[in-house]
Amino acid sequence: MKMGRPHVLAIPYPAQGHVLPLMELAQCMANSGIRVTFVNTEFNHRRIVKALPDNESISELIELASIPDGMELWEDRNDLGKLTEAMLRVMPEKLEALVEEINSGAEEDKIVCVIADYGLSFAFEVAEKFGVKKTAFLPASVALLALALDAPRLVDEGILDCDGTPLKDETIRLSLDMPEIRTVDLAWTRIGDAAAQKICFNSMLKSIESAKHIDRILCNSSRALEPAALKIVSACSPVGPLLASARLGCSAGHFWQEDAACLEWLDEQPSNSTVYAAFGSFTVFDRIQFRELALGLELTNRPFLWVVRNDIIDDSDNAFPDGFLDRVKLRGKIVKWAPQQKVLGHTAIACFISHCGWNSTMEGVGNGVPFLCWPYFADQFLNATYIADCWGVGLAAVKDGSGGVGREEIKRKIERLMGDERYKVRALELQAMAGEDGTSGKNLEEFVEWIKEIKL
Ligand code: UDP
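Rules behind the numbers
Starting afresh in each chain, residues are numbered from 1 along the sequence in its written order. Residue-level local features of this predicted model are given only where pLDDT is at least 70; pairs of side-chain atoms are given and counted only at 80 or more, and the full residue set underlies all totals for whole chains, interfaces and linings. To get the side-chain values, take all heavy atoms of the structure and skip hydrogens and water. Under the DSSP-based scheme used, a helix requires at least four consecutive residues in state H or I and a strand at least two consecutive residues in state E, with every element numbered from the N terminus. Note on exposure labels: buried denotes an accessible area under 20% of the residue type's maximum, exposed denotes more than 50%, and partly exposed covers the range between, all computed with a 1.4 Å probe on protein chains only. In what follows, residue pairs with any heavy atoms lying within 4.5 Å of each other are defined as contacts. All accessible areas in this document rest on Shrake-Rupley with a 1.4 Å probe, and a residue is counted as covered only by the protein chains that are shown. The convention is simple: Lys and Arg are positive, Asp and Glu are negative, and His and the chain ends are not counted. Every charge is mapped onto a representative atom, which is NZ of Lys, CZ of Arg, CG of Asp or CD of Glu. Proximity is defined per residue: any heavy atom of the residue falling within 4 Å of a molecule or strand makes that residue near it. The residue classification treats Ala, Val, Leu, Ile, Met, Phe, Trp, Tyr, Cys and Pro as nonpolar and Asp, Glu, Lys and Arg as charged. All others, Gly included, are polar. Side-chain atoms within 4.5 Å link the members of a nonpolar core, which is a set of buried Ala, Val, Leu, Ile, Met, Phe, Trp, Tyr and Cys residues. When DSSP finds two or more bridges between two strands, those strands count as paired. The angle between two axes is taken between their N-to-C directions and runs from 0 to 180 degrees, where each axis is a line fitted to C-alpha atoms and a helix contributes only its stretch in contact. This arc describes the spread of directions from the helix axis toward the C-beta atoms. Whenever Lys or Arg places a side-chain nitrogen within 4 Å of a carboxyl oxygen from Asp or Glu, that contact is recorded as a salt bridge. By convention a crossover is right-handed if, when the strands point away from the viewer, the path from the first strand over the helix to the second runs clockwise. We call Phe, Tyr and Trp rings a pair once their centres come within 6.5 Å, taking the six-membered ring for Trp, and we label the pair stacked below 30 degrees between planes, edge-to-face above 60, and tilted otherwise. Either the NZ atom of lysine or the CZ atom of arginine qualifies as a charge over a ring when it sits within 6 Å of the ring centre and within 35 degrees of the ring normal.

Caption draft 1: Up close: the overall build of the chain. A count of helical and extended segments in the chain gives 16 helices and 15 strands. For the chain, the spread of C-alpha atoms along the three principal axes comes to 65 × 55 × 45 Å. Burial statistics for the chain: of 456 residues in total, 57% are counted as buried. In the chain, once contacts between residues fewer than 6 apart in sequence are set aside, the share between residues at least 24 apart is 72%. With an accessible surface of roughly 19,500 Å², the chain has 50% of that area assigned to carbon and sulfur atoms. Taken as two groups, the 48 positive and 66 negative side-chain charges of the chain have centres that lie 2 Å from each other.

Caption draft 2: Layout of the site of the ligand. The full set close to the ligand counts 17 residues, and Ser281, Ala338, Asn359, Ser360 and Glu363 are the nearest of them. Protein coverage of the free-state accessible area of the ligand, which is 540 Å², stands at 94%. Among the elements of the structure, helix H1 (16–31) and helix H12 (358–366) are those that each provide at least two residues to the shell around the ligand. No other element matches H12, which puts four residues into the shell around the ligand. Residue composition of the shell around the ligand, by class: six nonpolar, 10 polar and one charged.

Caption draft 3: Inspection of the nonpolar core at higher detail. Residues Leu95, Tyr276 and Trp391 are the most contacted members of the largest nonpolar core, which totals 99 residues. When near neighbours in sequence (up to four residues on either side) are disregarded, Tyr276 contacts Leu305, Val307, Ala338, Gln340, Val343, Leu344, Ile349, Cys351, Phe352 and Ile353. By size, the runner-up hydrophobic cluster in this structure holds 32 residues, among which are Leu22, Ala26, Ile58 and Val239.

Caption draft 4: Focus on the pairing of strand S5 (residues 133–138). For S5, the tally of buried residues reaches five of six residues, placing the bulk of the element in the interior. When strand S4 (residues 111–117) meets S5, the two strands line up parallel, connected through five bridges. Directly across from Val114, in S5, lies its bridge partner Lys134.

Caption draft 5: Highlighting the sheet that holds strand S12 (residues 332–335). Spatially, six strands are ordered S12-S11-S10-S13-S14-S15 in an open sheet, and the strand pairing comes out parallel. Of all the strands in the sheet, just S12 and strand S15 (394–396) have a single pairing partner and so form its edges. Across the sheet, the mean angle from the axis of one strand to that of its neighbour is 15°, orientation sign disregarded.

Caption draft 6: Region of the structure containing helix H2 (residues 42–51). Listing the buried residues of H2 in full gives Asn44, His45, Ile48 and Ala51. Looking straight down H2, one finds its buried side chains confined to an arc of 140°; they lie on one side. Residues of H2 that are buried make contact with H1, strand S2 (35–41) and strand S3 (63–67).

Caption draft 7: Fine view of the pattern of salt bridges. Evaluation of the coordinates by the stated rule reveals 23 salt bridges. Residue Lys110 is joined to Glu107 by a salt bridge in which the shortest nitrogen-to-oxygen separation is 3.0 Å. What makes Glu107 exposed here is its relative accessible area of 59%. Bridged by salt links that share partners, the residues Arg35, Glu63 and Asp109 form one connected network.

Caption draft 8: Main features of the pairing of S2. Counting buried positions along S2 gives seven out of seven residues, so the element sits mostly inside the fold. The sheet contact formed by strand S1 (residues 7–11) and S2 spans four bridges and is parallel. Directly across from Leu9, in S2, lies its bridge partner Thr37. Traced from S1 through H1 to S2, the parallel crossover comes out right-handed. The pairing of S2 with S3 spans five bridges and is parallel.

Caption draft 9: Looking closely at the packing of aromatic side chains. Scanning the entire structure with this criterion turns up 21 aromatic pairs. Ring centres of Phe290 and Phe320 lie 5.3 Å apart, and the angle between their planes is 55°; this geometry places the pair in the tilted category. Of the two residues, Phe290 sits in helix H9 (residues 287–300) while Phe320 sits in the loop between strand S11 (304–307) and helix H10 (324–327), which places them 30 residues apart along the sequence. When the ring centre of Phe43 is taken as reference, the NZ or CZ atom of Arg77 above it lies at 3.8 Å. In this structure, Arg190 is placed above the aromatic ring of Phe381, and the distance from its NZ or CZ to the ring centre is 3.9 Å.

Caption draft 10: Quick peek at the sheet that holds S3. Reading across the sheet, the seven strands line up as S3-S2-S1-S4-S5-S8-S9 and stay open at both edges, with parallel pairing between neighbours. Each edge of the open sheet carries a strand with a single partner, namely S3 and strand S9 (236–238). For this sheet the average axis-to-axis angle between neighbouring strands, irrespective of direction, equals 25°. As judged from the four bridges shared by S5 and strand S8 (residues 216–219), these two strands associate in the parallel manner. When the bridges of S8 are listed, Phe137 appears paired with Leu218.

Here it is as structure tokens:
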């Protein structure tokens, strides 16, 4: 490791969709001459190291460190309420000890700035104690932050109770250029049970308070994509879409090993022919819904690449409909974890059946791919509205009377997306717009210069 470069500490919220974009940012910074120590939870650190491809090494570029998250090995880290509680109990002290250890070393090793996930207010408190600069990184849409900033008003007006539960079913639209959202679909109401919602809502309000005292806020978005939201949250500086294709680096940060063989399979498919179905790192399906998706993909009669994580459904090896794997083997490829950004950039891909996590949204947009939106959790409902209603690059998968998305609906919507060229044209226009004005690149350069000039 070269010495004499300004040293920053980057800390993501410990979930896949938060680790990956901050890792992108960290690699961009490292490539611009900044020394980065990336702090994962011990649990995630082990997964990330295990998932790194054999021929890749991250240590030349950035240093990895880890601290405990306060949960036992066997506990469910997808229970965000429990995870948040455990983290708040244990991580502040551990982080403080880590900064103490680094800062008690040589002068040139000292941390000049902590870059933490917007939601980790304790990290900013630790930074404050050591007198180092504070930067928040928002891995979600700026629209989500604008809605979160509006939450106290909704509580005051009796639209939400003080735990964030909607008391009225209303539609909120902060600007005509922003997605409208029903109160029952606000991110914190779609996060789990009532206990999880209460913990996450209160933690969010605390983050908003804490963000008033930080130096910088960066977000994985762009001015072209979210002009209205960025007007509302003018302190946010967009540096996205943060896509791996934009830099030379390594693919570190994945919790599961990417199955690169599916790219060779894609090479054999005709251009603009293949449906890509992937639902991020969190989504779980019940057995009926999983079957309908399988049968829907079969009904489309098109090539498809489908990511079926081991934990997407109980007993995933045996959940497929009878005979399905045999019937689709010539045109269907199923993987446990895909190199998603490379997949979306492949010429064979025609459309993306997505849960609309913000990273997947940025990656689909950044590659000019139309979406079939199938939101499941948290802010995905808001993102789906951006995609379908504001940007016009996708369609919504509509649930039927049984509460699920049926196979015929999947077939119908894929036919519409692929049969009507306007979706692809619009997706390509949005792709061009997203990166065109250069603001994100300039913001990133300016941020790097700011880091280099910090004097403690
Ligand atoms: N991802 C991937 N391979 C997969 C599925 C997802 O690399 O097979 C990546 C995807 O590119 C994205 C992240 O995992 O960067 C998922 O983040 P997102 O915000 O879309 O969803 P979340 O996992 O947070 O629900």
